[in-house]
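A structural walkthrough
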Amino acid sequence: MFLRHLPVLVLLLALGVLPGNAQVQQSHRRSVYSIGGSLRDDVSHRSLENILVTLKQLTGATVNTAFTRSNGDFQFDGLSDGEYILEINARDYDQVHETISINSGSRLGLSFFLARTAKAGNSAAPQLSISAHQLSVPHKAHDEFEKGMTLIYLKSDYRAAITQFQLAIRDFPTYYEAYAEEGGAYFQLQEMDHAEEALRKSVDLSSGQYADASLTLAALLTDKKHFEEAVTSARQGISVDSSSWRGPFELARALTALKQTDEAEKSAQQSRDLMPDNPPVYLLLANIHIQRKDYPALVRDIDDYLRLAPIGPEADQARKTRERVLSMLNSPKRESTGGGTEKSQDEDDDADIAPEKNSSPPAGPDTSGLPSLPAPTPGNQ
């Protein structure tokens, strides 16, 4: 009985990573505040991903650390009034130390433009083509694009941001970054056809060389259950930017839906290694380990998730699921061959099983309804 309901329980946990539920979680912490913002290169204005940001007390004691997401965003929650030091360390960029004050309110929407160090030298070379494109953007189009990004960062006003991105595109028709952000905004509004159209336009204009567009398109295609196309789009994004956690994450989501659990697990683990403090990757691994019937690994996935997201209703559900998994693992009935076979048969009777594709051990119930993960936002930790 437990095995039959386990996928539902874990998928309920997965819903906790969506932006709407993050807002609910935030409402449970009315007496605490947040510090958040974004990092960009001061020349190309491209987002800086996977950069270590450290929040410290004035005494120098570390409060918390985070890595920036694909759009350069970071956020620290659960903070009280006081003075903090924000420390940013990025390879080939000048170090940043900024004092941030909290006085009865959160400090969100902070923008940091990082300058390259003089000794960075040739390390800037791989970005020359992107920088040249960025520098060719007319000032008016660039300002409209920035207004759109500000509307997303500060107000989560995706509809108004779309208007700004469309104005930028009107003034600079090959502005593939604006098309990508327009698609991401439509994705957040769940207007999937408009989102796909804008994202595909970004991919075409950039000749497939803008990873953000390919990876957001992969996420959308998985949500639309176009899994084979999602795999292709994710692989394209990875070929352009192998340092982003989103590439192997989106590839793993699509492969899990296709029941290709061996490769899905490897990709999810790669995403985890690139960004270890990303809670959704542990929910993805949990779904993979359900398919593989690897319940000890599932317990570890939940433990890792709770370590990163210990507060909120989804964390409470995670603890209940963990207890039930441990109870099942420790049950004497699990040692009985007859009982185990009977449960597995119940699962198969209730599940829509897709054809196996070299996954071992065999997949269990259908868990292709993976958690939707749009382009990360400040609330999507």
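Structural notes, computed from the coordinates. Since the model is a prediction, treat every value here as computed from it, not as a measurement.

1. So, helix 4 (residues 139-155)
- Compared with an ideal rise of 1.5 Å per residue, which puts 17 residues at 24 Å, helix 4 spans 23 Å between its outermost C-alpha atoms and is within 8% of the ideal.
- Among the residues of helix 4, those classed as buried are Ala141, His142, Glu144, Phe145, Glu146, Gly148, Met149, Leu151, Ile152 and Tyr153.
- Against strand 1 (33-41), strand 4 (73-79), helix 5 (158-171) and helix 6 (176-188) lie the buried residues of helix 4.
- Two residues or fewer after helix 4 comes Ser156, characterised by a positive phi angle close to 55 degrees.

2. Some remarks on the pattern of salt bridges
- Per the stated rule, a full pass over the model turns up 18 salt bridges.
- Notably, a salt bridge pairs Arg235 with Glu263, separated by 2.9 Å at the nearest N-O pair. Taken together, the residues span a long stretch of sequence, with Arg235 in helix 9 (residues 227-240) and Glu263 in helix 11 (residues 261-274) at a distance of 28 residues.
- The exposure class of Arg235 is partly exposed, given its relative accessible area of 39%.
- Taking relative accessible area as the criterion, Glu263 reaches 30% and is therefore assigned partly exposed.

3. A word on the sheet that holds strand 6 (residues 96-102)
- Sheet architecture is open: 4 strands sit in the order 3-2-5-6, paired in antiparallel fashion. Single-partner strands in this sheet number two, and they are strand 3 (62-67) and strand 6. Each strand of the sheet is rotated relative to its neighbour by a mean of 20 degrees, with strand direction disregarded.
- In terms of strand pairing, strand 5 (residues 82-89) meets strand 6 through 7 bridges, oriented antiparallel. Note that in strand 6 the partner of Gly82 across the bridge is Ile102.

4. A short note on the sheet that holds strand 1
- Pairing is mixed in the open sheet, where 3 strands are placed in the order 4-1-7. Unpaired on one side and paired on the other, strand 4 and strand 7 (107-114) mark the two borders of the sheet. Within the sheet, the average angular offset between the axes of one strand and its neighbour, ignoring direction, is 20 degrees.
- Where helix 4 meets the sheet, its contacts fall on strand 1, strand 4 and strand 7, and the angle it forms with strand 1 comes to roughly 155 degrees.

Conventions used here
Counting restarts for each chain, with residues numbered from 1 along the sequence as it is written. With the structure being a predicted model, the display of local features is reserved for residues of pLDDT at least 70 and the display and counting of side-chain atom pairs for 80 or more, all residues being used for whole-chain, interface and lining totals. Heavy atoms from the whole structure form the basis of all side-chain values; hydrogens and water molecules are not counted. A run of H or I in DSSP counts as a helix once it spans at least four residues, and a run of E counts as a strand once it spans at least two, with each numbered from the N terminus. Helix span, expected: 1.5 Å multiplied by one less than the number of residues in the helix. For the exposure calls, accessible area comes from a 1.4 Å probe over protein chains only, and a residue counts as buried if that area is under 20% of its type's maximum, exposed if over 50%, partly exposed in between. Two residues qualify as a contact provided that any one of their heavy atoms is within 4.5 Å of a heavy atom in the partner residue. Just to be clear on terms, a salt bridge is a Lys or Arg side-chain nitrogen sitting within 4 Å of an Asp or Glu carboxyl oxygen. At least two DSSP bridges between two strands are needed for those strands to be called paired. Angles shown run from 0 to 180 degrees and are taken between the N-to-C directions of axes, each axis being a line fitted to C-alpha atoms and, for helices, limited to the stretch in contact.

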